[in-house]
Structure formats: structure tokens, C-alpha cells
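Each chain is listed here by its residues.
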Amino acid sequence: MQITLTHYLILSAILFSLGLYGVVTRKNAILVLMGIELILNAANINFIAFSRYGGMQLDGQAIAVFVIILAAAEAAIALAIVLNIYKQFKTVNVDEINKLKE
Amino acid sequence: MNLFDIIFYFFALIVLVSAGIVVFSRNIIHSAFSLLFTFFGVAGIYILLNADFIAVAQILIYVGGILMLLVFGVMLTNKVVNVEIKTGTMHTLPAALLTAMTAGSLCGIFYATDWTIVEGIPEIKSTTNSLGEMFMTTYLLPFEVASVVLLVALIGAAMIARRDKSLQQ
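First, a word on scope: everything that follows refers to the structure included in this document.

**Some words on the nonpolar core**
Ranked by internal contacts, the top residues of the largest apolar core, which has 70 residues, are A:Tyr8, A:Met34 and B:Ile54. Taken together, the elements giving at least two residues each to this core come down to helix H1 (5-25), helix H2 (29-53) and helix H3 (59-89) of chain A together with helix H1 (3-24), helix H2 (28-48), helix H3 (52-76), helix H4 (92-112) and helix H5 (128-136) of chain B. Looking at this core, the element that brings in the most residues is H3(A), giving 13 residues. A domain split of this core shows at least three residues from each of domain 1 (1-83) and domain 2 (125-169) of chain B.

As C-alpha cells, this is what we get:
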């Protein structure tokens, strides 16, 4: 069976679901961030697969570059917030952080 | 089954197995290091899709930048006395149901839809040149906005991370 667009789409669907599972179930905030990275990678696979098979030339790849840029910005900000949370609460477990202010 | 298919399944296996370890492993360090293999596998998938520039950018930015940040985050937010850093999970059963439903419906939609596919193998050439031209012409405004967003995000991250000292003085 020839590898076509559907193979890449199903790969990205499974990767997206794994990332979603990680975001929903993990207690540690850093692992939630890792789940978000998996989800962004799944979206990028879709963009580039459509860019290759969907006749969109390079537009999909250009948008994938923007996704990577935003993922980098998101990781930097989110880790700064997580470090602050750790300073305040001495834990990064998202189920124990239930106060906006101490 | 030709070589292309075998390479695709190889990279897909790497991506899915290491993503599974990221999600299911109890040890945070194991998760962080198998995320490395996920990113490398996704880069291989990009190369199979004729996206050489994105593949290299993926390795440079994700592996060199984001994964480093995440590993530092793990080390700074845990008391690393021993290598075993465990973490718990919560409400796994509803999450597993939700995720299985999402995966099933997505796969069903992807499989059932009659995608318009460009037949044949496109001319294989380096995409860096044409991508650079696109960023300087079609996508000039988003490109500049993205650069400002990155600058603001990095300054903001530095501000947030060392806020307590500057505020107390």
C-alpha cells in the first residue's frame, strides 16, 4: 500500500491524542507543557503533509515555521511562570495549585 | 512495500513509541529524554515530506531550545537528590475515554474524507531559498509580527522569572 496523505494524517491524529492525554492526566506542570509540544508537532505534521500532497506549494511550510516560533515563545513564558509557581508554592503539581495568591 | 514506505513506518514507530513513553512514563527524566526521540522522528517525517528547512529548524529549535528549557525546568522545580523523579496522574479513565474518542473520530474523518491529492512526486529541491523569498514577500507582515512576538516573549519571560528581586527593592 502506497504511503499517501492519509498515513501522515492518521500519524498526526494519534500524536495529537497522546499529547491531549498527557495534558489532561499529568500532575506535573512541566509534563503538561511536554504534552502541548506534542500537540503542536502533530499540527505541524498536518500542515506540512497538506503542503506536500494538497497542492499548496510552500504555504503550509511557511505556517509551520510560525507554529515553531510560537511554540518557542510559549515554552519560554510558560517555564518562567512555572518557576514562579514553584517559588510561591514549593510544588508544580497542577492539582495542588488552587490559590491565585497566598 | 518499497524503501520509502519502510522509512515512513520506521519514523512513525519512533514518533509514536517515544511519544507514548513521554505520556505514560512515571519518571519525568525519562519523559524529557524520550521527547528528544519524538522530535527527531518528527524531523524525519518532515524530510520524507520534502520539507528540509523545517526539519533542520525542528532539530535546532525544538531539540536545541525547547527541550533544553524543559529539562532545566524539570531540574529547577524538583529536588534532584536522586535520579528518580516520579509524578502522579489524575482521572486517567475519563481522560483515556476522551482521548480514545478524539483519536477515533479524527482517524475516521481523515480516513473517510476524499482528499484532493496532487498525484506524482514533486520536483525535489531545497526549499530554503523559496521559503526565504516567501517570508520577504507574501508573509512579510506575519514574519515581522512574529519577530516582535518573540522579542516580547523573551523579555517577558526574563521579567517574570526574576520578578521577586526587582519588586522587593
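Past the structure itself, the notes keep going.
**Concerning H5(B)**
Turn by turn, an α-helix covers 3.6 residues, leaving residues three or four places apart pointing in a common direction. Listed as buried for H5(B) are B:Leu131, B:Met134 and B:Phe135. The buried residues of H5(B) occupy an angular sector of 100 degrees when projected down its axis, which confines them to one face. The exposed residues of H5(B) that point more than 90 degrees off its buried face are B:Asn129 and B:Glu133. Packed against the buried residues of H5(B) are H3 of chain A together with H3 and helix H6 (140-161) of chain B.

**Focus on the side chain of A:Ser12**
Residues and elements named next belong to chain A. With respect to the helices and strands, Ser12 occurs in helix H1. Within the local environment of Ser12, its side chain forms a polar contact with the side chain of Asn46, the two groups lying 2.7 Å apart. If we skip the residues at most four places from it in the chain, Ser12 touches Ala42, Ile45 and Asn46.

**Considering H3(B)**
Look at H3(B): 34 Å from first C-alpha to last across 25 residues, which is about the 36 Å you get at 1.5 Å a residue. Its axis deflected by about 30 degrees at B:Tyr62, H3(B) carries its strongest bend there. All of the buried residues in H3(B) are B:Ile54, B:Ala55, B:Ala57, B:Gln58, B:Tyr62, B:Val63, B:Ile66, B:Leu67, B:Leu70, B:Val71, B:Gly73 and B:Val74. Looking at the buried side of H3(B), the elements it contacts are H2 and H3 of chain A together with H2 and H5 of chain B.

**So, the packing of H3(A) against H3(B)**
Contact geometry for H3(A) and H3(B): axes closest at 10 Å, N-to-C directions at 5 degrees. The orientation of H3(A) with respect to H3(B), classified from their angle, is roughly parallel. Taken together, the residues of H3(B) that come into contact with H3(A) (itself represented by A:Gln61, A:Ala64, A:Val65, A:Ile68, A:Ala71, A:Ala72, A:Ala75, A:Ala76, A:Leu79, A:Leu83 and A:Tyr86) are B:Phe53, B:Ile54, B:Gln58, B:Ile61, B:Tyr62, B:Ile66, B:Leu69, B:Leu70, B:Gly73 and B:Leu76. Among the residues forming the contact of H3(A) with H3(B), the class breakdown is 18 nonpolar, three polar and no charged.

**Section: the packing of aromatic side chains**
Considering all chains together, one arrives at eleven aromatic pairs over all chains under this definition. Both rings, one in A:Tyr8 and one in B:Phe8, keep their centres 4.8 Å apart while their planes meet at 75 degrees; by these two values the pair is edge-to-face. Of the two residues, A:Tyr8 is situated in helix H1 and B:Phe8 in helix H1; the pairing between them involves two chains. Grouping residues by exposure puts A:Tyr8 and B:Phe8 together as buried. Ring-pair connections join several aromatic residues into one group, and the members of that group are A:Tyr8, A:Tyr53, B:Phe8 and B:Tyr9. Cation over ring: A:Arg52 sits above A:Tyr53, and NZ or CZ is 4.3 Å from the ring centre.

Rules used in this analysis
- Sequence order as written defines the numbering, with residues in each chain counted from 1.
- Chain letters and ligand numbers both follow the written order, the letters beginning at A and the numbers at 1.
- At least 70 in pLDDT is required for a residue's local features to be given in this predicted model, at least 80 for side-chain atom pairs to be given and counted, and no such filter applies to totals for whole chains, interfaces and linings, which use all residues.
- In computing side-chain properties, one takes all heavy atoms of the structure into account and sets aside hydrogens as well as water.
- Throughout this description, the term nonpolar core refers to a set of buried Ala, Val, Leu, Ile, Met, Phe, Trp, Tyr and Cys residues connected via side-chain atoms within 4.5 Å.
- Three labels apply to residues, based on accessible area from a 1.4 Å probe with only protein chains included: buried if under 20% of the type maximum, exposed if over 50%, partly exposed otherwise in between.
- Counting from the N terminus, the helices are DSSP H or I runs at least four residues long and the strands are E runs at least two residues long.
- Those domain boundaries reflect an automatic or database domain assignment.
- As used here, the arc belongs to the directions running from the helix axis to the C-beta atoms.
- Residues are treated as being in contact if the distance between any of their heavy atoms lies within 4.5 Å.
- A 3.5 Å cut-off defines polar contacts: any pair of N or O atoms within that distance qualifies, except that in protein one atom must be a possible hydrogen donor and the other a possible acceptor, and neighbouring residues in sequence count only when both atoms are side-chain atoms.
- Helix span, as expected, comes to 1.5 Å for every residue beyond the first.
- At every residue, the bend is computed as the angle between two fitted axes, covering the seven residues ending there and the seven beginning there respectively.
- Note on geometry: axes are lines fitted to C-alpha atoms, helical ones only across the stretch in contact, with angles between N-to-C directions running from 0 to 180 degrees.
- Angle categories are assigned with fixed cut-offs, so that under 35 degrees is roughly parallel, over 145 is roughly antiparallel, 65 to 115 is roughly perpendicular, and the rest are oblique.
- Gly is placed with the polar residues, together with every amino acid not listed as nonpolar (Ala, Val, Leu, Ile, Met, Phe, Trp, Tyr, Cys and Pro) or charged (Asp, Glu, Lys and Arg).
- Aromatic rings from Phe, Tyr and Trp, taking only the six-membered ring of Trp, are treated as a pair when their centres fall within 6.5 Å; an angle between ring planes under 30 degrees marks them as stacked, one over 60 as edge-to-face, and anything in between as tilted.
- In this scheme, the term charge over a ring applies when either NZ of a lysine or CZ of an arginine sits within 6 Å of the ring centre and within 35 degrees of the ring normal.

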